Amino acid sequence: SSEPTASKLYVKETQCPYCSVQCKMTVEELAAPVAGQRRGEYTVQGVPNEASQGRLCVKGMNAHQHALSGQRLMHPLIRRNGELEPCSWKEAIQTIAERFQDLRDLYGADTVGVYGGGSLTNETAYLLGKFARVALGTKYIDYNGRFCMSAAASAGSKVFGMDRGLTFRLSDIPKAGCIVLAGTNIAECQPTLLPYFNQAKENGAFIIVIDPRKTATAAIADLHLQVKPGMDALLADSMLKVIMDAGLVKPHFIDKRTHGYDQLIQGLADLQLEQAAQACGVDLALIRQAAMAYGEAETGMIMTARGVEQQTDGHMAVRHFLNLVLATGKIGREGCGYGAITGQGNGQGGREHGQKADQLPGYRSIENEADRAYVASVWGVDPASLPGKGVSAYEMMEKAHDQEIRALLVMGSNPVVSNPNVRLVEEGLRKLDFLIVADMFLSETARMADLVLPVTSYMENEGTLTNLEGRVLLREQGRPAPGETLDDWDILCRIAAQLGGASYFEYDTAEDIFNELRVASRGGVADYYGITYERLRNEKGVYWPCSALEDQGEGLLFGERFAHPDGKAAFTFESSPGWNDISSEFPLILTNGRVLPHYLTGVQTHRSPALAARELENFVELHPATAARYRIHDGEWVEIQSTYGSFTVRSRIKDSIREDTLFVPMHWGGIQNVNRATRPELDPFCRMPGFKTAAVTIRPLRLA
Ligand code: SF4
């Protein structure tokens with residue numbers, strides 16, 4: 001890059017949109033674009049704050065490329081005679097209101113569904129929930145965060161009485177004596193966090209990675225437990241049993257700070273370690289080593305992510321890891337705690353403000369009368385008018401398939417790629433009478449829509465996001481909105497006004513919405529009342545809970561009390577059956593995950609040339625012995641099939657994966673979409689699909 005020139009268009013601080021760390025950065029345009037084209041030179045630099053400390057990974061360095069892409073949607077598109085063609089905003093908004101009204105008259109309010117996303121700002125997530133319940137009066141709202149955080153969130157709520165991603169500050173990580181990273185590949189998913197773990201190692205920490213693959217994160221571990229997918233709960237139980245047998249539990253902490261320990265002792269009494277280790281696919285000696293390292297360490301942290309959570313027993317698996325945390329008293333003090341490593345840019349904030357089927361703002365419950373009454377009073381509506389609890393994201397696709405939902409507004413999400421059992425999802429979306437997608441690009445879902453609404457990117461809209469440690473951060477507008485793009489929240493206000501609800505949706509700025517959100521969250525678990533835009537500008541981020549303007553927010557949680565009314569944490573034990581659908585027809589386990597250069601379904605990162613070039617197409621990672629058994633060569637096309645469907649990717653043979661497991665990234669749609677074969681069974685507690693375990697077979701695609 002060259003020196004800044006006089007034609008510089010902007011120099012603005014923003015935040016990387018591609019993961020939950022929300023690294024602060026500046027994007028500087030050095031030369032004016034040629035008229036009509038979006039070409040110039042850019043420099044990107046990390047800006048130090050407490051979370052990311054000025055670091056950026058390759059995704060952050062190139063995030064601006066999608067925002068400046070020539071593929072951005074600049075005008076609303078409406079389908080006429082089977083083709084999407086430009087239309088005015090006036091026509092788009094009028095059409096939406098008319099179609100929604102017609103369908104509601106015919107089938108009732110619940111015929112319209114709203115599907116949000118964990119990358120939306122807090123303001124948009126909040127408004128989406130209000131829009132569904134007040135402007136549309138529908139109970140059907142959920143979002144893609146169901147696939148991201150629901151298992152850890154529901155487990156944290158159950159055990160601690162509160163769900164916040166990390167119970168500690170990121171900057172506390174180097175103080176931990178032992179760190180367990182279960183089903184989380186931080187080196188590729190949140191790369192700027194890796195230095196914290198390297199620092200911990202330098203300080204003498206023992207790092208344990210639990211993952212079916214030798215990932216880039218496992219490379220820094222002192223001990224790698226290469227667990228069989230789906231067996232995490234049993235592995236956590238086994239570690240706890242070793243710790244109990246060795247007398248490493250902390251009776252004083254258990255007596256004073258928890259209840260339910262007797263139930264845990266009973267639950268683990270019959271656990272046979274040899275058998276459990278065999279079922280987990282891990283040498284018992286290694287399990288013992290891991291357990292003793294964590295149990296003996298004075299301080300320690302456990303972190304989980306989707307590898308543990310995206311299971312049909314994901315909720316329970318997280319709770320079993322939380323039992324380990326509580327039994328050893330490793331929470332509420334420096335160097336200790338539990339962390340759910342959120343994936344999406346606003347994975348934390350996205351789940352706090354009411355875009356979930358069962359939630360109102362501030363983590364209030366839509367089924368609790370007092371919670372309903374409070375939020376209704378903030379919104380100025382009758383509590384009785386608020387709809388009840390809807391269904392989870394995948395179940396909304398089933399409702400579309402059953403034609404119980406006939407119109408769907410999708411905002412900040414690409415459900416036809418990210419849901420399991422894609423065949424049903426495609427059929428469901430095709431059956432809709434009316435599909436609206438608000439997006440920056442013609443995503444796979446947008447291509448199916450009747451109406452596509454162009455929205456601003458992270459560089460163009462203002463709003464707050466809450467990073468994985470519960471730190472609320474303000475992302476300011478960096479450049480003017482291009483073309484006719486609008487902010488998501490602005491679109492919702494326009495539709496609401498057209499539907500006759502203007503008085504409930506009168507906001508001039510995102511800050512206006514935030515100020516209402518503060519009041520709506522007041523007194524709730526996720527209390528933002530004490531946080532203002534002014535504070536966020538001055539203090540560079542504030543932790544929730546923060547109930548008053550003078551409140552500093554809490555970085556380290558549960559020092560004295562947990563969030564349950566009695567102040568205690570709850571041990572629970574329900575043995576988890578694990579998973580075993582393996583058969584002679586489908587003898588391998590398909591699991592999925594992320595790769596370094598891509599984000600979610602790749603709608604944005606595939607349109608960033610620098611990122612796309614790093615991984616142009618999808619692949620399956622398989623062990624050399626598995627490849628030999630199925631006569632598969634490295635780099636050839638293969639088909640992977642389950643009972644739900646099949647997809648086609650290239651083979652990548654590596655000995656870093658278990659012989660019984662295939663790994664496929666989740667960032668591609670079309671015929672390369674891993675979710676064509678994933679299974680739609682849901683966790684009974686949190687409705688998380690079992691993405692991480694599908695029984696499959698594999699064959700080379702070769703001319704005879
Ligand atoms: Fe930071 Fe995550 Fe963006 Fe990388 S992807 S720069 S770690 S926010």
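Just so it is clear, the structure is predicted and the values come from calculations on it, not from any experiment. (Residues numbered from 1 in each chain as written. Predicted model: local features only at pLDDT ≥ 70, side-chain atom pairs only at ≥ 80, totals over all residues.)

A. Looking closely at the overall build of the protein chain. Along its length, the protein chain carries 23 helices and 28 strands. For the protein chain, whose C-alpha radius of gyration is 24 Å, the value lies close to the compact-globule estimate of 27 Å for 704 residues. For the protein chain, the C-alpha atoms occupy an extent of roughly 70 × 70 × 60 Å along the three principal directions. The buried share among the 704 residues of the protein chain stands at 57%. (Helix = DSSP H or I, 4+ residues; strand = E, 2+ residues; numbered from the N terminus. Rg over C-alpha atoms; globule rule 2.2 N^0.38 Å. Buried ≥ 20, exposed ≤ 12 C-beta atoms within 10 Å, placed from the backbone.)

B. How the structure looks around the pairing of strand β6 (residues 112–116). Of all 5 residues in β6, 5 are buried, a share of seventy percent or more. Every second residue of β6 is oriented toward a common face, with V112, V114 and G116 on one face and G113 and Y115 on the other, all of them buried. Pairing analysis gives 4 bridges linking β6 to strand β16 (residues 407–411), with the strands arranged parallel. The residue of β16 that forms the bridge with G113 is L408. With helix α4 (residues 122–136) bridging β6 and its parallel neighbour strand β7 (residues 141–143), the resulting β-α-β unit is right-handed. (Pairing = 2+ DSSP bridges. Right-handed = clockwise from strand over helix to strand, strands pointing away.)

C. Seen up close, unusual backbone geometry. Residue P545 is bonded to the preceding W544 through a cis peptide linkage, with omega at 0°. Along the chain, P545 falls in the loop between β21 (542–543) and β22 (569–570). You will see that Y363, though not glycine, has its phi angle at about 65°, which is positive. Tracing the backbone through its elements, the reader meets Y363 in the loop between β14 (359–360) and β15 (364–365). Overall, Y363 belongs to the buried group, with 22 C-beta atoms counted inside 10 Å.

D. Layout of the pairing of strand β2 (residues 24–29). In terms of residue burial, β2 counts as a mostly covered element, since 5 of its 6 residues are buried. The pairing of β2 with strand β3 (residues 42–46) spans 5 bridges and is classified as antiparallel. Bridge assignment links T26 to a residue of β3, and that residue is Q45.

E. Spatial organisation of the packing of helix α16 (residues 393–401) against helix α18 (residues 422–431). Viewed as axis vectors pointing N to C, α16 and α18 meet at an angle of 55°, and their least axial separation amounts to 7 Å. It follows from the interaxial angle that α16 and α18 lie oblique. Every pair of crossing elements has a handedness; the one defined by α16 and α18 is left-handed. Where α16 approaches α18, its residues M397, E398, A400 and H401 are matched on the opposing element by L424, V425, E427, G428, L429 and K431. The residue inventory of the contact of α16 with α18, partitioned by class, reads 5 nonpolar, 2 polar and 3 charged. (Axes fitted to C-alpha atoms, helices over the stretch in contact; angles between N-to-C directions. Parallel < 35°, antiparallel > 145°, perpendicular 65-115°, else oblique. Left-handed = near helix turned anticlockwise from the far one by under 90°. Contact = placed C-beta atoms within 7 Å. Nonpolar A, V, L, I, M, F, W, Y, C, P; charged D, E, K, R; others polar.)

F. Focus on helix α12 (residues 284–296). With 13 residues, α12 should reach 18 Å at 1.5 Å per residue; the first-to-last C-alpha distance of 18 Å fits that figure. Of the residues making up α12, those classed as buried are I287, A290, A291, A293, Y294 and G295. The secondary structure elements touched by the buried residues of α12 are β8 (178–182), β9 (206–210), β10 (223–225), α8 (232–245), α11 (273–280) and β12 (300–304). (Expected span 1.5 Å × (residues − 1).)

G. Just the nonpolar core, in detail. In this structure, I208, L235 and M239 are the most contacted members of the largest nonpolar core, which totals 193 residues. In this structure, I208 is in contact with V180, A221, D222, L223, L225, A290, A293 and Y294, ignoring residues within four places of it in sequence. Counting residues in hydrophobic clusters, the runner-up holds 21 residues, among them L662, A677, A694 and I698. (Core = buried A, V, L, I, M, F, W, Y, C linked by C-beta atoms within 7 Å.)

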